[in-house]
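Structural features, examined
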Amino acid sequence: DTGVSQNPRHKITKRGQNVTFRCDPISEHNRLYWYRQTLGQGPEFLTYFQNEAQLEKSRLLSDRFSAERPKGSFSTLEIQRTEQGDSAMYLCASSLNTGGWLVENTEAFFGQGTRLTVV
Amino acid sequence: AQTVTQSQPEMSVQEAETVTLSCTYDTSESDYYLFWYKQPPSRQMILVIRQEAYKQQNATENRFSVNFQKAAKSFSLKISDSQLGDAAMYFCAYRSEWGGSEKLVFGKGTKLTVNP
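A brief report on the enclosed structure follows. (Residues numbered from 1 in each chain as written. Chains lettered and ligands numbered in written order. Predicted model: local features only at pLDDT ≥ 70, side-chain atom pairs only at ≥ 80, totals over all residues. Heavy atoms only, no water.)

1. Describing the overall build of chain B
As a reminder, the rule being used: Helix and strand labels come from DSSP, where a helix needs a run of H or I of at least four residues and a strand needs a run of E of at least two; each type is numbered from the N terminus. Atoms considered for the radius of gyration are the C-alpha atoms alone. The globule rule reads 2.2 Å times the number of residues to the power 0.38. Using a 1.4 Å probe on the protein chains alone, a residue whose accessible area is under 20% of its type maximum counts as buried, one over 50% counts as exposed, and one in between counts as partly exposed. Whether two residues touch is decided by their heavy atoms; if any such pair falls within 4.5 Å, the residues are in contact. We get accessible surface area from the Shrake-Rupley algorithm with a probe of 1.4 Å; when it comes to residues, only the shown protein chains can shield them.
Summing up its helical and strand segments, chain B has 0 helices and 12 strands in all. Its helices and strands in sequence order give chain B the pattern β-β-β-β-β-β-β-β-β-β-β-β, from N to C terminus. For chain B, whose C-alpha radius of gyration is 14 Å, the value lies close to the compact-globule estimate of 13 Å for 116 residues. The principal-axis extent of the C-alpha atoms belonging to chain B is close to 45 × 30 × 20 Å. The buried share of chain B, reckoned over its 116 residues, is 47%. For chain B, long-range pairs separated by at least 24 residues make up 56% of all intrachain contacts whose partners lie at least 6 apart in sequence. Carbon together with sulfur atoms contributes 45% to the accessible area of chain B, which is approximately 5800 Å² in total.

Written out as structure tokens, the structure is:
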């Protein structure tokens, strides 16, 4: 198991273009999260999936953002018509939730992130 | 909504010395979890230590320990015998026990520098 993998690591795009990021979680993990981290800030929650179902979306996730996890494995985050304010590190995390209450069973593991720069 | 505040944007410590990073949080919930995450430059965030709010005993993990003051809503991290590899951004995070998503609410982070 190689941990949570995110691709690409870096993306530079022109304003107005569409971009897509991919996250491959730890294989047996059923929960997948997307966070956004801007310079000087901590990560902010965007959305999460339980298997293939997207169960919660933050108000930060505007209509230009869409996330999918089609088969409950990898996930993609697409940003349409990028704006300079979208420049940030996009972090993916995964966890295994077995329905138990022990927090040790639900630790979130993070990927290295995709750094997006919109010029 | 819950908030997490880290009032120290930067801290420095001499190698082998002890440093304490501060964190306060605001919540109306009684059951929750608190975490400290470490984010080294260009590397993924990793969990350093966790604390369940219902536990009175402070969590410890080797050189890392916390001072959890529930009434004061304070959750500081103490790093003993600091090592060069401890240099990183440290984030304090809150997670509700209820609500289902297990999403984390992070503070802005503290950049720790370890001087040789």
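2. Regarding the overall build of chain A
Inclusion rule: In this charge count, Lys and Arg are treated as positive and Asp and Glu as negative; neither His nor the chain ends contribute. Lysine's charge is taken at NZ, arginine's at CZ, aspartate's at CG and glutamate's at CD.
Summing up its helical and strand segments, chain A has 0 helices and 11 strands in all. The N-to-C order of helical and strand elements in chain A reads β-β-β-β-β-β-β-β-β-β-β. Compactness check: chain A gives a C-alpha radius of gyration of 14 Å against a globular reference of 14 Å for 119 residues, within 12% of the reference. C-alpha atoms of chain A, sized along the principal axes, occupy 45 × 25 × 25 Å. With 119 residues in all, chain A has 47% of them scored as buried. Sequence-distant contacts, at least 24 apart, represent 55% of the contacts inside chain A between residues at least 6 apart. Working note: accessible area of chain A is about 6100 Å², and carbon and sulfur atoms make up 46% of it. Charge-centre separation for chain A: the mean point of 14 positive side chains lies 9 Å from the mean point of 13 negative side chains.

3. Remarks on the interface of chain A and chain B
Where interface size is quoted, it is often the accessible area lost as the parts come together. As a reminder, the rule being used: As a working definition, buried area equals the accessible area (1.4 Å probe) given up by two parts on being put together, with both sides summed. Between Lys or Arg on one side and Asp or Glu on the other, a salt bridge is scored when a side-chain nitrogen of the former is within 4 Å of a carboxyl oxygen of the latter. In protein, a polar contact requires one atom able to donate a hydrogen and another able to accept it; more generally it is a pair of N or O atoms within 3.5 Å, and residues adjacent in sequence count only if both atoms are side-chain atoms.
Across the contact, 24 residues belong to chain A and 22 residues belong to chain B. Summed over both sides, the interface between chain A and chain B buries roughly 2000 Å², with carbon and sulfur atoms accounting for 47% of that surface. The interface formed by chain A and chain B contains 3 salt bridges. In this structure, Lys 103 of chain B engages Glu 56 of chain A in a salt bridge whose closest nitrogen and oxygen atoms are separated by 2.6 Å. On the surface where chain A and chain B come into contact, there are 5 residue pairs in polar contact (both at pLDDT 80 or more).

4. Describing the pairing of strand E5 (residues 44-50) of chain A
Residue and element names in this part refer to chain A. How we decide: Note on pairing: DSSP must find at least two bridges between two strands before they are called paired.
Counting buried positions along E5 yields 6 of 7 residues, so the element is predominantly enclosed. Sheet topology note: the strand E4 (residues 31-37)/E5 ladder contains 6 bridges and is antiparallel. Paired with Leu 32 across the strands is Phe 49, a residue of E5. In this structure, the hairpin formed by E4 and E5 is closed by a connection of 6 residues, where Gly 40 is found at a positive phi of approximately 80 degrees. Two elements, E5 and strand E6 (residues 53-57), share 4 bridges in a ladder whose sense is antiparallel.

5. Structural notes on unusual backbone geometry
All names here are of chain A. Cis geometry is found at the peptide bond from Asn 7 to Pro 8, where omega equals -10 degrees. In this fold, Pro 8 is placed in the loop between strand E1 (5-7) and strand E2 (10-13). Positive phi, normally seen in glycine, also occurs at Asn 51, with a value near 55 degrees. The exposure class assigned to Asn 51 is partly exposed, which follows from its relative accessible area of 34%. Of note, Arg 81 is a non-glycine position whose phi angle comes to about 50 degrees, a positive value.

6. Thoughts on the packing of aromatic side chains
Selection criterion: By convention, a stacked pair of Phe, Tyr or Trp rings (six-membered ring in the case of Trp) has centres within 6.5 Å and planes under 30 degrees apart, an edge-to-face pair has planes over 60 apart, and any other such pair is tilted. Here, a charge over a ring means that NZ of Lys or CZ of Arg falls within 6 Å of the ring centre while also lying within 35 degrees of the ring normal.
Scanning the model with the defined rule gives 17 aromatic pairs over all chains in all. A ring pair is formed by Phe 65 of chain A and Tyr 90 of chain A, whose centres lie 6.5 Å apart and whose planes are at 40 degrees; its orientation type is tilted. Within this pair, whereas Phe 65 of chain A is found in strand E7 (residues 65-68), its partner Tyr 90 of chain A is found in strand E9 (residues 88-95), the two being separated by 25 residues in sequence. Its relative accessible area of 0% is what places Tyr 90 of chain A among the buried residues. The structure contains a cluster of three or more aromatic residues connected by ring pairs, namely Tyr 33, Tyr 35, Phe 45, Tyr 48 and Phe 110 of chain A together with Phe 35, Tyr 37, Phe 91 and Phe 106 of chain B. Residue placement shows Arg 22 of chain A over the ring face of Phe 74 of chain A; its charged tip is 3.9 Å from the ring centre.

7. Let's talk about the state of the cysteines
All names here are of chain A. Operational definition: What counts as a disulfide here is a pair of cysteine sulfur atoms lying within 2.5 Å.
In total, this model carries 2 disulfides over all chains according to the counting rule given. With a sulfur-sulfur separation of 1.9 Å, Cys 23 is cross-linked through a disulfide to Cys 92. Across the S-S bond linking Cys 23 and Cys 92, the dihedral sits near -70 degrees, which makes this disulfide left-handed. Remark: Cys 92 occurs in strand E9 and Cys 23 occurs in strand E3 (residues 19-24); sequence separation between them is 69 residues. Cys 92 matches Cys 23 in its accessibility class, with the two residues each being buried.

Distances and angles like these do not, on their own, reveal function.
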